[in-house]
Amino acid sequence: MKERINNVINAFNIALLDGLYSSEEIISIIRNNSQLKEVFTEDQLAHEPLREIMFGGKDILQGNSGNVLFELIRKKIDNPYFRDHITVLKILETMTWASMVNNSKADEIESLITFFEEEQYMQITPAVMQRVKKCVAGYEDFDIDTYLVDETV
């Protein structure tokens, strides 16, 4: 279980650092998850900077962190009110250079970034978003609530 919690925390790290999720959103996820509530005290969540309590010296390049992050991205872009799609592309690119994905997924992301930059002239078009959605699809088993309780994932 400790490794799974570390994978979730590592995914939070990238999502927070690249601006996909705010501290308040991550704290809300923690408060609403029984396993994560056991890791962080309410006092920590209320008074300490989130980056300090979560990410002090942790290695982000481990386990299923990338898969959890793909699911966090999918949830974010499925929200019709979310508009910061450039941040999603930035996180996907970060995942490739941080070795959080396998080689075939890294190739898919690099192809997506090239398509965005060279063919779509750095515009978020429906074609770009279709490719982003395809890229992050299939990671529903890494939804935090499922991932932390289902040992078969």
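Residues numbered from 1 in each chain as written. Predicted model: local features only at pLDDT ≥ 70, side-chain atom pairs only at ≥ 80, totals over all residues. Heavy atoms only, no water.

Asker: When you look at the overall build of the protein chain in this model, what are you seeing that I'm missing?
Answerer: Scanning the protein chain for helices and strands turns up 10 helices and 0 strands. Expressed as a percentage of contacts within the protein chain between residues at least 6 apart in sequence, the contacts between residues at least 24 apart total 70%. (Helix = DSSP H or I, 4+ residues; strand = E, 2+ residues; numbered from the N terminus. Contact = heavy atoms within 4.5 Å.)

Asker: Which parts of the structure should I look at to understand a negative patch on the surface?
Answerer: A cluster of acidic residues, E93, D107, E110, E117, E118 and E119, forms a negative patch on the protein surface. Here the negative patch gets 5 residues from one element, more than from any other, and that element is helix α8 (residues 103-119). Looking at where E117 falls in the secondary structure, it is placed in helix α8. E117 gets classed as partly exposed once you look at its relative accessible area, which sits at 37%. (Patch = residues over 30% accessible without salt bridge, like charges linked within 9 Å, V, L, I, M, F, W, Y side chains within 5 Å. Areas by Shrake-Rupley, 256 points an atom, 1.4 Å probe, with all protein chains shown as cover. Salt bridge = Lys/Arg side-chain N within 4 Å of Asp/Glu carboxyl O. Lys, Arg positive; Asp, Glu negative; His and termini not counted. Charge placed at Lys NZ, Arg CZ, Asp CG, Glu CD. Buried < 20%, exposed > 50% of the residue type's maximum accessible area, 1.4 Å probe, protein only.)

Asker: Whenever I open this one, the packing of aromatic side chains confuses me. Can you help?
Answerer: Taken as a whole, this structure holds 2 aromatic pairs when the rule is applied. Just above the ring of F70 sits the side chain of K105; from NZ or CZ to the centre is 5.3 Å. Positioned above the aromatic ring of F115 is the side chain of R131, whose terminal nitrogen or guanidinium carbon lies 3.7 Å from the ring centre. (Phe/Tyr/Trp six-rings, centres within 6.5 Å; stacked < 30°, edge-to-face > 60°. Lys NZ or Arg CZ within 6 Å of the ring centre and 35° of its normal.)

Asker: Any chance you could explain helix α7 (residues 85-97) here in plain terms?
Answerer: Helical geometry: 3.6 residues make up each α-helical turn, so side chains three or four residues apart lie on a common side. Look at α7: 19 Å from first C-alpha to last across 13 residues, which is about the 18 Å you get at 1.5 Å a residue. Within the span of α7, buried status applies to H85, T87, V88, L89, I91, L92, T94, M95 and T96. Buried residues along α7 sit in contact with α1 (2-17), α6 (65-78), α8 and α9 (126-136). S99, located one to two residues past α7, shows a positive phi value of around 55°. (Expected span 1.5 Å × (residues − 1).)

Asker: Explain the packing of α6 against α7 here, please?
Answerer: A packed helix pair is summarised by two numbers, namely the angle formed by the two axes and the spacing between the axes. Across the interface, α6 lies against α7 with an axial gap of 11 Å and an inter-helix angle of 170°. In this view, α6 runs roughly antiparallel relative to α7, as classed from their interaxial angle. Touching G66, L69, F70, I73 and I77 of α6 are H85, V88, I91, L92 and M95, all from α7. A class-by-class count of the residues in the contact of α6 with α7 yields 8 nonpolar, 2 polar and no charged. (Axes fitted to C-alpha atoms, helices over the stretch in contact; angles between N-to-C directions. Parallel < 35°, antiparallel > 145°, perpendicular 65-115°, else oblique. Nonpolar A, V, L, I, M, F, W, Y, C, P; charged D, E, K, R; others polar.)

Asker: Looking at this structure, I do not really get the nonpolar core. What am I missing?
Answerer: Nonpolar side chains in soluble globular proteins tend to be buried together. One finds L69, F70, I73, L92, M95 and V132 to be the most contacted residues of the largest nonpolar core, which totals 47 residues. Contributing elements (two or more residues each) for this core: α1, α2 (23-31), α6, α7, α8, α9 and α10 (144-147). Top element by residues in this core is α1. It accounts for 8 residues. In contact with M95, other than residues within four places in its own chain, are G66, L69, F70, I73, M100 and V101. (Core = buried A, V, L, I, M, F, W, Y, C linked by side-chain atoms within 4.5 Å.)

Asker: How should I be thinking about the packing of α8 against α9 in this particular structure?
Answerer: Interhelical geometry of α8 versus α9 gives an angle of 170° and a closest axis separation of 10 Å. Classified by the interaxial angle, the pair formed by α8 and α9 is roughly antiparallel. Side by side, α8 and α9 meet where K105, E108, I109, S111, L112, F115 and F116 of the first sit next to A127, V128, R131, V132, K134 and C135 of the second. Considering only residue class, the contact of α8 with α9 consists of 8 nonpolar, 1 polar and 4 charged.

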